[in-house]
Structure formats: C-alpha cells, structure tokens
Amino acid sequence: MAVIEVNDLVKRYGRLPVVNEVSFSVEQGEIFGILGPNGAGKTTTVECAEGLRRPDSGSIRVLGLDPVRDGRELSHQVGVQLQESLLPENIKVWEALDLYASFYRAPKDWRELLAEWGLADKRQARFGTLSGGQKQRLFIALALVGDPKVAFLDELTTGLDPAARRVTWELIKRIRAAGVTVVLVSHSMDEVEELCDRVAVFDRGRIVALDTPANLISAVDADQHLRFRPLTPFDDAVLTGLPGVVSVTRSGDRVIVAGRGDFAGAVTSALARDHVPVAELRVEQHTLDDAFIALTGRAFDTQER
Amino acid sequence: MAGFSKLAKVESKLLLRDPGAIFSMAIPLFILVIFSGGAGPGDTALPSMSMTIAVGLVGLYMVPTTLATYRERGILRRLSTTPVSPGALLGVQLMLQLVFAVLASAVLVAVSVVIFQAAPPARVVAMATAFLLGTSAIFAVGLLIAATAANGRAANGIGVLLYFPLAFLGGLMQPKEAMPELLAAIGEFTPLGLFRQAVHDAWSGAATQPLLLAIMAVYALVIGLVSARCFRWA
Ligand SMILES: Nc1ncnc2c1ncn2[C@@H]1O[C@H](COP(=O)(O)OP(=O)(O)OP(=O)(O)O)[C@@H](O)[C@H]1O
Ligand SMILES: [Mg+2]
C-alpha cells in the first residue's frame, strides 16, 4: 500500500495556481525525491501533505490519514524538517531535543540521535551559537526524534559543506534501512541521484516526469559526447559510418564524437582495429541536469528566484 | 500533558535567559531606589508606580517581542507539525509572563515595605483583583501587538513606541497632579493609568472604584478577543 497518495492537488495564491493538478504516490520504505527549480511548488506540495497548508482541491492521504482533518494523529507518525524554521536563540541543543521528544507517544532516545548526528559535543551549546551545518543537523534530528514512519525533509543539505553532505546522505540511507519512508525535497541533482529511489521532477507547479533517476537520465533523447586526443593521425571516415555516431568534429588536437546509444563501444573498437592510440578519452554521461533540460527546454539553475 | 510541563520548564528557562527579563525587573527597581528619597514613610504612590512600570514592561515589551519572534522564526509553524499545538506554546508563554509579572511585583512590594518603609498593602484581596484585571488588560494590548506586528523587531519597536506615551498618560513619568488636566483625565482610562490607580487604591486603603475594574475587564476581553481573532500563526 502507498504511504502517501496525492491526487490532483491544486493550491493557489491569488488566482495563480502554484501547484497545479499534481498526483503521485510514495511507497513504503522508499526515498522519494521532489526535484525542481526555485518556485516550482515543491515546498507548497509537501507542506500540504504535512497539513501546514490547505489544498484548494484534490486529495491527500498520508498513512491513510487526511493531513488536515487527522492532523493530530498524523503528527505522531511523521517527522518534519521545514525549509524555513529556526529555534529560539537561547535554547540549548539538548533542551530542544528533550523538549521535542516529550511531544511524542514513543520517542527515540535523543541522546543516541545527538551522537548519530555528530552533535554530542554541542549538547550544551545554545542554538544561536551553532554553525549553519550544525543547525541543519539539529533540525534533521528533531524531525526524527518522534520515531516517525514518514520523514519530510525540505532542503536537507542546504548550508552543509561537501563532507557533511556525504555524511548526511549516509545517515539518510540508514533511515531508509530502518524502514522509514523519506520524502526529500531538493534542487540538488547529485543528491537526488545519490539517494532517491524515485524522483518527481517539478516545474512551474506541475510534475513533468516521475521515474527512477537512472531511467530519467537514460530517457534523455539527446546526443552524448566522446572526446579524445589521437596520438597518430587518422581519417574521420573511420568513425562517421559507425552505428550510433552522429557527427565527428575536431577542435585543436581533440576529436569530439557525438552519438547515441552504445556508440562509444563502436568508436573505441574501430580505433583499436585501425591501430589509432588515443589519450584522454572521456565519455560525457548524461546527468539529471540534461534530463531536466530535455524535459522543460530550460536549464535548471538559471531560474529566477 | 508530559509535553506541556516540559514545555513550561524549557520556556521558563528561556524567559530567564532573556535580557528583557532582567531589564523589566531592574528598571522599576531602579526607579524605586532613585525616587524613594522624595517619598515619605508610609507612601504607596511610588511603589504603585514602580509596579505599573514592571507590568507594563512585561506586557508591552516582553510578551509581544517573544511571541512575534516565535512566529517570525517559524517556531509556531514547526510546532503545528508536532502533536503539541502552537496554541499550547502561546498559553504557556502568557502564563509564564504572568508569573514573572507577579514575582517582579512581589519583589517590588517587599523592597518598598522592608527597605523604604512604604505602608504594607492595606487590602490584599482588592490589590490582587486589581493586579489580575490590570495585567490582563495590559497583556491583551501586548497580544494585539504580537498578533499584528510583521516580525519580532517590529513588535519590539511598536511595544517601546507605545510604552512611552502610555506610561506618560498613566502617570508614570510624573505624578498625575503635575500633569495638564486634560491629559490626566484621558490618562485615567489608559491601561497603565487604570492599573496604577486601582493598585494604588487597594494598597493605600482608599475605596475601590468599581468603574476602573470594569474598564480593565472590558479592555482585557475586547482587546484579547480582537487579537485572538487576528493572530497569525505563520
Ligand atoms: N504563502 C504564500 N503566499 C503567496 N505565494 C506563495 C506562498 N507560498 C508560496 N508562494 C508562491 O508559490 C510558488 C511556489 O513556492 P514554493 O515555496 O512551493 O517553491 P519551491 O519549489 O519550494 O521553491 P524553492 O526551491 O525556492 O524552495 C512561488 O512562486 C511562491 O512565491
Ligand atoms: Mg522550497
């Protein structure tokens, strides 16, 4: 059974729908990504599922409950990290965890969370003195302290340095291994590729694609590029006729072969057969960025705020 | 309920860590110490003024700043995703601020009587009644500021901006007798003026003026209802 079911969700501010007939479902135990540029409606969508905003139309069920009507019951079973939220400046790390733990029927041991999220030595520190990354880790720990079945994490690794991002990703995988369903809002492609079992790609209030990251990438219908530097001269005709090869161009001492499908294998064996040694061979794989451009016709990070 | 008592415990620690708390205690105490030389033994006017200053600072400065900051920082919103409602936090805050106002006032009474030879409160029950009604009226104004201010800093600014004219009209800057007649007359019906007069009546043993108590109750009710109606949680 699906843990979260969203059907034809619409949310308007003024006359403009910022979430427009969005439907998706999240299965038990998966990490479900919600990816999209700024203003795409990601936060609005998850906050409807958290019961923080009222949908204008459509239906949402989380663990079989209606987030607005059954909010109290649901709040025991879901953990939330909001994109924009702080704690009082003067609250100590342990006090915040202890306090939030006291809200739930069956909380986790917050001391373990403290250690797990690398905050043990910040136990007595006041919130206002924490670094951005430490605050972020505290928020994730607070989202998990009620031992939720579903965790909503909005902009999980914003403000974390690359090393802390990696650590956080490993911890999120451990949450999944413990059976928690995770909804991860992100506009970081590598994060989604690394963590998510499935991704809904949002653009301007709609879902433009929903699939595994691997399938989204392989569905990109655009040329891939293979670059190399030949160490002996050769005739382009060796390559142009090969299956999958679209074009062969030269740029200085580089050769760039554009192609589709498994053209790279054909190119390298043709070069080997003709005894053309090459250096600095690179295949440029498609990424989710390419997938996004292919889906929307726009680059991902050139969105206005 | 477990969550509720823990909330009260943590919030009271936060209240005591707030520099505003020290400020709200120190200023009326300071006024008391500075001006008590001019007041004769048995005086109750100056202690009533200092108590009004304390409750005014808590109600017009601490209440709105704390609550508006909680909203601005998304703390109320974050709470509404937990089993504890943000209303509980609001209730706990108002209760703790009330307790704080009571404690500050108790300190002021004790210091006035023990150190500065003020007369002990003549009618304790009447004084408690005046205190509770007046504090409710003043807190209601603070709640209205919290409800409408865009953020913590705005609430702070409005609170301070409102405090000075209200303190002036309420006869906290100079004795009522020294004020222009019209202003003194208006001032009698402002929250701080009502509080000061009603507490002073009870402290000195003058007859209770039911009108003052009634107006404070109306303020508390009407302003309280309005601010509850327009309180924004996010
Ligand atoms: N409370 C609100 N009132 C008015 N407009 C809003 C409100 N909340 C969101 N919007 C608008 O809805 C749109 C979607 O916002 P949302 O926060 O859901 O985007 P997002 O995908 O989470 O973006 P980001 O990546 O920047 O967090 C934006 O254009 C935003 O301005
Ligand atoms: Mg967002």
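Named according to an unreviewed UniProt entry, chain B is Transport permease protein originating from Acrocarpospora macrocephala. Recorded in UniProt under Sequence similarities (unreviewed entry), the annotation for chain B is "Belongs to the ABC-2 integral membrane protein family."

Chain A has the name Multidrug ABC transporter ATP-binding protein in an unreviewed UniProt entry, where Acrocarpospora macrocephala is given as its organism.

(A) Seen up close, the site of ligand 1. Residue and element names in this part refer to chain A. In the vicinity of ligand 1, 15 residues are found, and the nearest of them are G39, K42, T43, T44 and Q83. Between ligand 1 and N38 there is a distance of 2.9 Å, counted from an oxygen atom to a side-chain nitrogen or oxygen. The side chain of T44 places a nitrogen or oxygen atom 2.5 Å from an oxygen atom of ligand 1. Out of a free accessible area of 630 Å², ligand 1 has 64% covered by protein chains. Comparing atom positions with the cavity grids shows ligand 1 to sit within the largest pocket. Examining the composition of the shell around ligand 1, we find that three residues originate from one element, helix α1 (residues 42-49), more than from any other.

(B) Looking closely at the interface of chain A and chain B. Counting residues at the interface gives 28 residues for chain A, matched by 21 residues for chain B. The tally of links between chain A and chain B comes to five salt bridges. The salt bridge involving R77 of chain B is made with E47 of chain A; its shortest N-O contact spans 2.4 Å. Remark: the boundary between chain A and chain B carries 10 residue pairs in polar contact (both at pLDDT 80 or more). Taken together, the elements giving at least two residues each to the side of chain A that touches chain B come down to α2 (71-77), α3 (93-101) and α5 (132-144) of chain A. For the side of chain A that touches chain B, the element with the most residues is α3 of chain A, which contributes five residues. Taken together, the residues that form the side of chain A that touches chain B break down as 15 nonpolar, five polar and eight charged.

Rules used throughout
Residues numbered from 1 in each chain as written. Chains lettered and ligands numbered in written order. Predicted model: local features only at pLDDT ≥ 70, side-chain atom pairs only at ≥ 80, totals over all residues. Heavy atoms only, no water. UniProt positions renumbered as here; feature names shortened; annotations may be inferred. Near = heavy atom within 4 Å. Polar contact = N/O pair within 3.5 Å; in protein donor to acceptor, adjacent residues only side chain to side chain. Areas by Shrake-Rupley, 256 points an atom, 1.4 Å probe, with all protein chains shown as cover. 1 Å grid on protein atoms, 1.4 Å probe; cavity = no way out; pocket = protein on both sides within 12 Å on 5 of 7 lines; lining within 4 Å. Sits in = over half its atoms within 2 Å of the grid points. Helix = DSSP H or I, 4+ residues; strand = E, 2+ residues; numbered from the N terminus. Contact = heavy atoms within 4.5 Å. Salt bridge = Lys/Arg side-chain N within 4 Å of Asp/Glu carboxyl O. Nonpolar A, V, L, I, M, F, W, Y, C, P; charged D, E, K, R; others polar.

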